[in-house]
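Structure at a glance
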Amino acid sequence: MANKEKVIAASAKHPRPDRIFSYGTAGFRMKANLLDSVVFRVGLLAALRSRKLNGQTIGVMITASHNPPEDNGVKLVDPMGEMLDQSWETYATSLANATSDEALFTLYEKLTSDLKINSEAPARVIVARDTRTSGPTLVASLVEALTATGVELTDYKILTTPQLHYLVRCINTKGTQYEYGEVSEKGYYEKLASAFKKAMRSKKFDGGVVVDCANGVGGPKLNELIKYLGRGEDGLAIKVVNDDVLNPDALNVQCGADFVKTNQRAPPSVKAAPLERCASLDGDADRIVYYFTDKSGQFHLLDGDRIATLAASFLADLARQSGLSGKLSIGVVQTAYANGSSTQYVTEHLKVPVVCTNTGVKHLHHAATRFDIGVYFEANGHGTVLFSPQAIKHISQHEPSSPAQADALETLHSLTDLINQAVGDALSDLLLVEVILAHKGWSPENWLATYKDLPNRLVRVEVKDRHIFKAYDAERKLESPVGVQSLIDEAVGKFSKGRSFARASGTEDAVRVYAEAGSRGEAEDLAGKVASIVRGA
Ligand code: NG1
Ligand code: ZN
C-alpha cells in the first residue's frame, strides 16, 4: 500500500491547472509552465509500470523535441527501450486529469488493484532531459512522485532521447543473452564508435559532413561522440554547427531537422560548399534529415524516405552478398506521408515489400518487428532498422563460403551494433548514412538520382472539431464524416499521379491534408481542393 498521506501531500505541491491533458504520440507536450502536475503524475505512472513489470527499469524523458524553447514534454520508455505500451497511455491521461489530490490517489490505488500490481514489488526509474531551462524543475517534480512511492531513481541529467532509450535497454538486458551494451553514456559512444570503425574498415569517405544540431542536446553529444570516432587521416570529418546550448532561446530556432523539412531549405546558419553533405538533427536528436545544394545552387532534401530507401538497398545487397538472402526477410515500413516515388522505388526497383502504418513511430516500430530486417522511417527523419533475434543469430553464425561473403557478413554484423535497436537515433542514423555512402562510393547527387520525388504539399487545416475526422486504412481514407472520402476520391481522380488524404493530427489541434501529383502546380491545386472539402465537412 502506498503511503496515502505522503502521495497526497506531495501532489498538493503540484497543483493541476484547469486543462485537459492527453498522452499522445509524443507523450505529453505543451508550454513548460503547464507541465508541473503532469510530470509529477507521470512519476506515479512510472512507479506503477515498473512494479507491474517486477521492478524492470522504466525510462522518463523530459523533452519537447523540435518544439520552441518555452515548451517541454514528458514521455515514458518501456523496458526494451520502446515507447510506452499503448494500453497504458490512457492511464497516463487519466492520472494527468484527476481533479484533486485525493482523486489522484484513489485512481492510483484503483490502477494498482485493477492491474493486479504488487505494491510491495521493487520499482526502478531512470530519467534524463534535454537542454531546456525548464528541465531541472520538472525533474524535481518527478523525483517527488518517485520518492513518495518508494521508487529507486537514477538521474542521468542531460542526454539525447535515444541515449535514454539505449540505457533503459542496457539495464534491462544486463546479464541476459540479449545484453545490449554497457550501462553508461560512455558505453553508448564506445558501442557506436567501434561498430562504425568495423563497418568502414578500409573504405574511404568522400569529403566530410556538416551537422546542424538545432542548438539542442545533439550538439554536445555529437562533439563527445566525435572523440570516440577518432579523426585519423581516413576518419570522417564532421563539422558541427548550431551546437550552442548556453543560449536557451536558440533551440530549434531557424535550424534543425523540422525547420529544413518544413521549409525545404537549409538553415541560414549552415554554410556549405556545393555538393557538400549536410545534415540537421532535431532538438532531442531522434530525427535527422540530409540535404545539399547542387552546382547551380539548387537545394535538395534527402529526408527520412531517402534514408529508408538507402538503408534498404544496402541491407538487401549485404544479405545477398553474404549468402543470407533466403534466410532473412527484409521489409520497409512507411506512413502515408512517404513520397509515392519512394514506395514505388522500394517495391519495383529494390523488390522489397513495403508496409504502411498509422502515423507515429510506435506503429512503424511495431510493424518493423515482423521482418528479420525491418527498415522504418517517417518522412520527417525519425527511424531506424530493427534486426530480429533470428537475424542476429544467422548473421553471427553463418559460415561464409568466400572472402566476399565474409566481407559482406562482417559489414552486416557491424550494422547490428551501429544501428540503435530501441528507437530512431539521429547520431546512429548519421553514422549509418555515412557508412553506406562510403561503401557505395556515392555523392549526395548519386543518392538523389535513385528516384525522383513526386511534387507534394502538406497543409494544416484548422477545423471546429478535428475528432470527427476518423481515418482507416493506415489513415489513408476517412470513414467519417460520411461522404467526405468520396469527395476526396473524386478530386484525386482529376489529377495525373494524384494521391491525397486527410487525417486529424495527433499532436496539434488541426487536420493535416497531404497531396502529391505529377507536377508542382497540380499538387498545390489538389491540396487546396481537399483542404476545402475538409473545411466544408
Ligand atoms: P501528427 O501531428 O499526428 O501529424 C506529427 C508528425 C509525425 C510524428 C509526430 C510526433 C507529420 C505529418 N506528422 O504527427 O510524423 O513525428 O508529429 O511524434 O510530420
Ligand atoms: Zn525529436
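Residues numbered from 1 in each chain as written. Chains lettered and ligands numbered in written order. Predicted model: local features only at pLDDT ≥ 70, side-chain atom pairs only at ≥ 80, totals over all residues. Heavy atoms only, no water.

Description of unusual backbone geometry
Cis peptide bonds are those with omega within 30 degrees of zero, and the linkage from Ser 480 to Pro 481 qualifies with -5°. Its location among the elements puts Pro 481 in the loop between β17 (477-480) and α17 (484-493). Despite not being glycine, Lys 116 has its phi angle at roughly 55°, a positive value. Checked against the element boundaries, Lys 116 lands in the loop between α4 (101-114) and β4 (124-129). With a phi close to 50°, Lys 497 is a non-glycine residue in the positive phi region. You can see Lys 497 is positioned in the loop between α17 and β18 (499-504). (Helix = DSSP H or I, 4+ residues; strand = E, 2+ residues; numbered from the N terminus.)

Things to note about the site of ligand 1
Around ligand 1, the surrounding shell consists of Thr 25, Ala 26, Tyr 337, Thr 359, Glu 378, Asn 380, Arg 503, Ser 505, Gly 506, Thr 507 and Arg 512. Between ligand 1 and Asn 380, the relevant distance is 2.9 Å, taken from an oxygen atom to a side-chain nitrogen or oxygen of the residue. Thr 507 has a polar side-chain atom sitting 2.4 Å from an oxygen atom of ligand 1. For ligand 1, whose free accessible area comes to 430 Å², the fraction covered by protein is 84%. Counted by class, the shell around ligand 1 contains two nonpolar, six polar and three charged residues. (Near = heavy atom within 4 Å. Polar contact = N/O pair within 3.5 Å; in protein donor to acceptor, adjacent residues only side chain to side chain. Areas by Shrake-Rupley, 256 points an atom, 1.4 Å probe, with all protein chains shown as cover. Nonpolar A, V, L, I, M, F, W, Y, C, P; charged D, E, K, R; others polar.)

Details of the sheet that holds strand β7 (residues 238-241)
Within the open sheet, the five strands sit side by side as β7-β6-β8-β9-β10. Their pairing is mixed. The sheet terminates laterally at β7 and β10 (299-302), the two strands that pair on one side only. On average, adjacent strands in this sheet sit at an angle of 25° to one another, irrespective of strand direction. Inspection of the sheet shows strand β8 (residues 277-281) paired to strand β9 (residues 288-293) by four bridges, in the antiparallel sense. Bridge pairing in β9 links Ser 280 to Val 289. In this fold helix α15 (residues 426-440) packs onto β6 (209-212), β7, β8 and β9, with an angle of close to 45° to the strand it touches most, β9. (Pairing = 2+ DSSP bridges. Axes fitted to C-alpha atoms, helices over the stretch in contact; angles between N-to-C directions. Contact = heavy atoms within 4.5 Å.)

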